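Below are the chains, spelled out letter by letter.
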Amino acid sequence: MSGGPTHGILRKTARGRAVLQGTSFPGTWAQRQLLVMLDGRQSLAALAPIIESLGLKEDQVRDLVALGLAEWVVAPPPVPKKPGAPRPRPRSLHLAKIYALELAILMAPDHEPSLRDAVRTVHDEPSLWSWMQLARACVARQAGEARAALFWSQVQAQLPEGLRAPDGCGTQDARPPSGAEQVSQTFITATERTLR
């Protein structure tokens, strides 16, 4: 069968039998014809010529199971992953910064202008941690501590391998790491302008 499962055995379910006795069918005419033939004894390999002549593809055969009209007596083996499958995209500091900014704005929209102003000074790890602490504080002020903790954990998951927050960073009363005064001052200035 072209593009279809060649292993496994299917049979009609009670729902499938009831649908066949009715006048309407939730699938195609070809799927209905195949459902009539599913007896729980013949493998899909044995039915392959018929399935091909009906023009059914693998997903159309599997749709019968998804619709609850058929069930596997013997399930087909899992489809192996192709060796050329795309690899996950490597994470970068820049992408983490953009993700953190967008997430912070979603969670604390009142602070968007100041968050955008302050993020412009983020160019390295210390400035990222400082900005994230300040963004976390904005989220906590607007949405509460639980949302701030969620913000922190979601951003942590997007950081490049090996990049983790300094000890104590990301907690409710943590201070920004040393060397981040420029980001803090920019953020404070931008926040004051927003609140006026």
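**Q** Quick question: what am I supposed to make of the overall build of the protein here?
**A** Each helix and strand counted, the protein has 9 helices and 3 strands in total. Going from the N terminus to the C terminus, the protein shows its helices and strands as β-α-α-β-α-α-β-α-α-α-α-α. Looking at the protein residue by residue over its 196 residues, the buried ones come to 38%. The contacts of the protein with a sequence gap of at least 6 include a subset with a gap of at least 24, amounting to 73%. For the protein, the accessible area works out to roughly 11500 Å², and carbon and sulfur atoms hold 54% of it.

**Q** Explanation requested: helix 8 (residues 145–156) in the structure shown.
**A** Since there are 3.6 residues in each turn of an α-helix, residues three or four apart along the chain are aligned in direction. The end-to-end C-alpha separation of helix 8 is 16 Å, in line with the 16 Å expected for 12 residues at 1.5 Å each. The set of residues buried in helix 8 consists of A148, F151, W152, V155 and Q156. The arc that holds every buried residue of helix 8, seen down its axis, measures 130 degrees, which confines them to one face. Looking at the buried residues of helix 8, the elements they touch are helix 5 (93–107) and helix 7 (125–143).

**Q** What am I meant to see in the side chain of S127 here?
**A** Looking at the secondary structure, you find S127 in helix 7. By relative accessible area, S127 is classed as buried at 7%.

**Q** Before we go on, may I ask you to explain the pattern of salt bridges in this structure?
**A** Evaluation of the coordinates by the stated rule reveals 7 salt bridges. A salt bridge links E71 to R11, with the shortest nitrogen-to-oxygen separation between them at 2.7 Å. Of this pair, E71 sits in strand 3 (residues 70–74) while R11 sits in strand 1 (residues 9–12), and the two are 60 residues apart along the sequence. One salt bridge in this structure joins R136 and E145, with 2.4 Å as the shortest N-O distance. Take R136: its relative accessible area is 5%, and that puts it in the buried class. Since its relative accessible area comes to 28%, E145 is described here as partly exposed.

**Q** Before we go on, may I ask you to explain the pairing of strand 1 in this structure?
**A** Regular strands have side chains that alternate between both faces of the sheet. Examined bridge by bridge, strand 1 and strand 2 (residues 39–43) share 2 bridges and lie antiparallel to one another. Pairing of R11 across the sheet is with D39, part of strand 2. With 4 bridges joining them, strand 1 and strand 3 adopt antiparallel strand pairing. Within the sheet, the bridge partner assigned to L10 lies in strand 3 and is W72.

**Q** Help me understand the nonpolar core in this model?
**A** Among the nonpolar cores identified, the biggest contains 26 residues, and A104, L115, W129, W131, M132, V139 and F151 are the most heavily contacted of them. Among the elements of the structure, helix 5, helix 6 (112–119), helix 7 and helix 8 are those that each provide at least two residues to this core. If we skip the residues at most four places from it in the chain, V139 touches A104, M107, A108, G144, R147, A148 and F151. Counting 16 residues, the second-largest nonpolar core is a separate cluster that includes L10, L56, L69 and A70.

**Q** So what exactly am I meant to see when it comes to the sheet that holds strand 2 here?
**A** Backbone hydrogen bonds are what pair the strands of a sheet, in a parallel or an antiparallel way. Within the open sheet, the 3 strands sit side by side as 2-1-3. Their pairing is antiparallel. Among the strands making up the open sheet, the edge pair consists of strand 2 and strand 3. The sheet shows a mean angle of 35 degrees between the axes of neighbouring strands, direction not considered. Sheet strands in contact with helix 3 (residues 44–54) are strand 1, strand 2 and strand 3, and its direction is about 85 degrees off that of strand 2.

Rules and cut-offs
Residues numbered from 1 in each chain as written. Predicted model: local features only at pLDDT ≥ 70, side-chain atom pairs only at ≥ 80, totals over all residues. Heavy atoms only, no water. Helix = DSSP H or I, 4+ residues; strand = E, 2+ residues; numbered from the N terminus. Buried < 20%, exposed > 50% of the residue type's maximum accessible area, 1.4 Å probe, protein only. Contact = heavy atoms within 4.5 Å. Areas by Shrake-Rupley, 256 points an atom, 1.4 Å probe, with all protein chains shown as cover. Expected span 1.5 Å × (residues − 1). Arc of directions from axis to C-beta. Salt bridge = Lys/Arg side-chain N within 4 Å of Asp/Glu carboxyl O. Pairing = 2+ DSSP bridges. Core = buried A, V, L, I, M, F, W, Y, C linked by side-chain atoms within 4.5 Å. Axes fitted to C-alpha atoms, helices over the stretch in contact; angles between N-to-C directions.

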